[in-house]
Amino acid sequence: MFEKSYSAIIVIVSILTIWEITSRLLQIPTWILPAPTTIVQEAFTSWHNYNHHILSTITLTGSGFAIGVSVGLLIAILLHLVPRIREALYPLLILSQNIPIIVLAPLLVIWFGFGITPKLLIITLVCFFPIAVATIDGLKQTNPELIHYMKMAGATNRQIFTKLELPHAIPQLFSGLKISATYSVMGAVISEWLGANQGIGVYMTLASSSFRTDRVFVAIFFIMILCLIFFSLIITAERLILKWRPSEEGKR
Amino acid sequence: MSTLEIEQLSKSFGSQPILEQLQFHVKEGEFVSLLGPSGSGKSTIFHLIGGLYKPDYGSIRLNGNEISGQKGSISYMPQTPSLFPWRTILENVTLGVELFEKPDKEKAKKMLERAGLADYIDAYPHELSGGMRQRVAFIRSILSPQPFICLDEPFSALDEFTRLEMQKWLLSIWDEERPSVLFVTHNIEEAIFLSDRILVLGSKPAQVIKEFDIAFDRPRNGELTLTSEFLDVKKAVYQTLRGELDD
């Protein structure tokens, strides 16, 4: 575990060093590519100017993610329980992911205005799909031997679903959650570009239109941090909930 | 009180008859084995008793009540342990009860302790050996509310040493309450060692071709399998089975 993060840190530090040296040696103008030290300096000095943007993005991401997860779960359960709906809706689900969000976003603004609705819709759209697909797969892959036992033991269809299929799908659900967690931050930032009065997306648009490239990088940096935090929250929850799984070391 | 009577049971899949006019019974407190080669329709018999399929013809009566096509009338132990990996051993053994009523955890704990699994009550299935998992699966079927137990080749995946251990263990647990048991196997020695009666099945379609009463005293121990009386029975059963295979 420590050795792995150790090598990752070395790579990151060397990239930053090369970046710092080249931008200084070649004297690249700050509005094209600021040096890492310039970005850090900006991050510290104008913290009070942008911290409310970060807070607003966190709230938006959190609520969008919660809605997206619930929608994804509901769709997965519905499609699993009613095969006819699955046949009818599954292709539609995949098609929904082929519409570029960048194209869809302005349309949503036309339909729903600049309020919170189109923003939550965008995050839901990017979040629900990984959850739904992963959960449907998890439900479908339930061990047939266990299903056979449940049937022989006299379990009702409802008991087979709640006691067997649903808990069986939880590991897969978590793979979906990990993907959605990172997507949700991206979704939130994109939705803020559309028109909002605060959020990292807004801060980013303002910065880039005034050629404050250092601030754009500050925004990128915070987006990455948010992604990492969401991701590690999911991993922690996974460890707590799936404590019955054989440990990784034991497998090897 | 639980007896099983099977009469004129017939079932075919497509044009392939699997069971034809199958007839046998299990008395109260009796341990009966169905012995037959692989593919002789043993599993189909269980699926019919378990109510997963409906017979084409004939009846299955448990304590005098018709149960064909009714799920959940018997307690069942499958070939593989089929434990739920996210449940602890205690939660696994109470699963059969849980489907019908609120499980009695204390009773389950006592049962696990008596079965030599006291150290594993809160463990997860992946922490147990194959033989241990089969023990858990058997306890689960004993604890299930249905008094009639069907065991479907439960030891076929175990090695010879573990298998003998398990057979002795199974008898010791069974001896305590003596529930009626229908045991399916393709192992002659196992059938003789465990049963009060052996029904030899002929294949395609499955029929009872011969019945053996096994009169050895209980409790039985491992030395029994080496006595000449035991070997005589084994020979007789073997010849019946071989005769069936030669046809």
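Structure first, text after, so check above.
Attention here is on the structure that accompanies the text. Because the structure is predicted, anything quoted here is derived from the model rather than measured.

So, how was this worked out
- Each residue is numbered by its place in its chain's sequence as written, counting from 1.
- To label them, take the chains in the order written and letter them from A, then take the ligands in the order written and number them from 1.
- Where totals are concerned, whole chains, interfaces and linings use all residues; where local detail is concerned, this predicted model gives features only for residues with pLDDT of at least 70, and gives and counts side-chain atom pairs only at 80 or more.
- With hydrogens and water excluded, all non-hydrogen atoms of the structure serve as input to the side-chain values.
- At least two bridges found by DSSP between two strands is the condition for calling them paired.
- What counts as a helix is a DSSP run of H or I of at least four residues, what counts as a strand is a run of E of at least two, and both are numbered from the N terminus.
- Only the contacting stretch of a helix is used when fitting its axis, a line to C-alpha atoms as for every element, and angles between N-to-C directions run 0 to 180 degrees.
- Three exposure classes are used, based on accessible area relative to the maximum for each residue type with a 1.4 Å probe and protein chains only: buried under 20%, partly exposed in between, and exposed over 50%.
- Pairing of aromatic side chains here covers Phe, Tyr and the six-membered ring of Trp, requires ring centres within 6.5 Å, and sorts the geometry by plane angle: under 30 degrees stacked, over 60 edge-to-face, intermediate tilted.
- Orientation labels follow simple angle bins: below 35 degrees gives roughly parallel, above 145 gives roughly antiparallel, 65 to 115 gives roughly perpendicular, and whatever is left gives oblique.
- Each helix crossing is assigned a hand: it is left-handed if the near helix lies turned anticlockwise from the far helix by less than a right angle, otherwise right-handed if that turn is clockwise.
- In this description, contact between two residues means that some pair of their heavy atoms is separated by no more than 4.5 Å.
- Residues are grouped as follows: Ala, Val, Leu, Ile, Met, Phe, Trp, Tyr, Cys and Pro are nonpolar; Asp, Glu, Lys and Arg are charged; all remaining types, including Gly, are polar.

## Observations regarding the sheet that holds strand 9 (residues 197–202) of chain B
Residues and elements named next belong to chain B. The mixed open sheet is built from 6 strands, whose spatial order is 6-7-8-3-9-10. One side of each edge strand has no neighbouring strand; the edge strands of this open sheet are strand 6 (75–77) and strand 10 (207–213). Taken over all neighbouring pairs, the strand axes of this sheet differ in orientation by 20° on average, direction set aside. Two strands pair when backbone bridges link them, and strand 9 and strand 10 are joined in this way by 6 bridges, in the antiparallel orientation. Its bridge partner lying in strand 10, Leu 199 is registered against Glu 211.

## Here we look at the pairing of strand 2 (residues 16–26) of chain B
All names here are of chain B. The pairing of strand 1 (residues 4–13) with strand 2 spans 7 bridges and is antiparallel. Bridge pairing links Ser 12 to Pro 17 in strand 2. Hairpin remark: strand 1 followed by strand 2, antiparallel, with 2 residues in the connecting loop; positive phi at Gly 14, about 65°.

## A few points about unusual backbone geometry
Residue and element names in this part refer to chain B. Along the chain, Arg 218 connects to Pro 219 via a cis peptide bond; the corresponding omega equals -5°. You will see that Gln 8, though not glycine, has its phi angle at about 50°, which is positive. Along the chain, the position of Gln 8 falls in strand 1. Relative accessible area serves as the criterion here: at 35%, Gln 8 is assigned to the partly exposed category.

## Quick word on the packing of aromatic side chains
Enumeration over the complete set of coordinates arrives at 18 aromatic pairs over all chains. Pairing Phe 221 of chain A with Phe 222 of chain A gives two aromatic rings, centres 5.6 Å apart and planes at 75°, and the pair type is edge-to-face. Judged by relative accessible area, Phe 222 of chain A falls into the buried class, the value being 16%. Ring centres 5.7 Å apart and planes at 70° place the aromatic pair Phe 138 of chain B and Trp 169 of chain B in the edge-to-face group. One end of the pair, Phe 138 of chain B, is in helix 5 (residues 130–143); the other, Trp 169 of chain B, is in helix 6 (residues 160–177), with 31 residues separating them in the sequence. Judged on exposure class, the residue Phe 138 of chain B and its partner Trp 169 of chain B are both buried. Here the aromatic cluster, defined as three or more aromatic residues joined through ring pairs, consists of Trp 47, Tyr 50, Tyr 203, Phe 221 and Phe 222 of chain A.

## Overview of the packing of helix 8 (residues 157–193) of chain A against helix 9 (residues 200–209) of chain A
Residue and element names in this part refer to chain A. Look at helix 8 against helix 9: their axes get within 7 Å of each other, and the N-to-C directions meet at 55°. On the basis of the axis angle, helix 8 is oblique to helix 9. As for the relative orientation of helix 8 and helix 9, their crossing is right-handed in sense. Residue-level inspection shows Val 189, Glu 192 and Trp 193 of helix 8 in contact with helix 9, the latter providing Ile 200, Gly 201, Val 202, Met 204 and Thr 205. Looking at the contact of helix 8 with helix 9, its residues break down into 5 nonpolar, 2 polar and 1 charged.

## Some thoughts on helix 7 (residues 144–152) of chain A
For the α-helix, the turn length of 3.6 residues means that residues three or four positions removed from each other point alike. Taken together, the buried positions of helix 7 of chain A are occupied by Leu 146, Ile 147, Tyr 149, Met 150 and Met 152 of chain A. Contact partners of the buried residues in helix 7 of chain A: helix 8 of chain A together with helix 1 (42–49), strand 6, helix 3 (95–98) and helix 5 of chain B. Residue Gly 154 of chain A follows helix 7 of chain A closely and has a positive phi angle near 90°.

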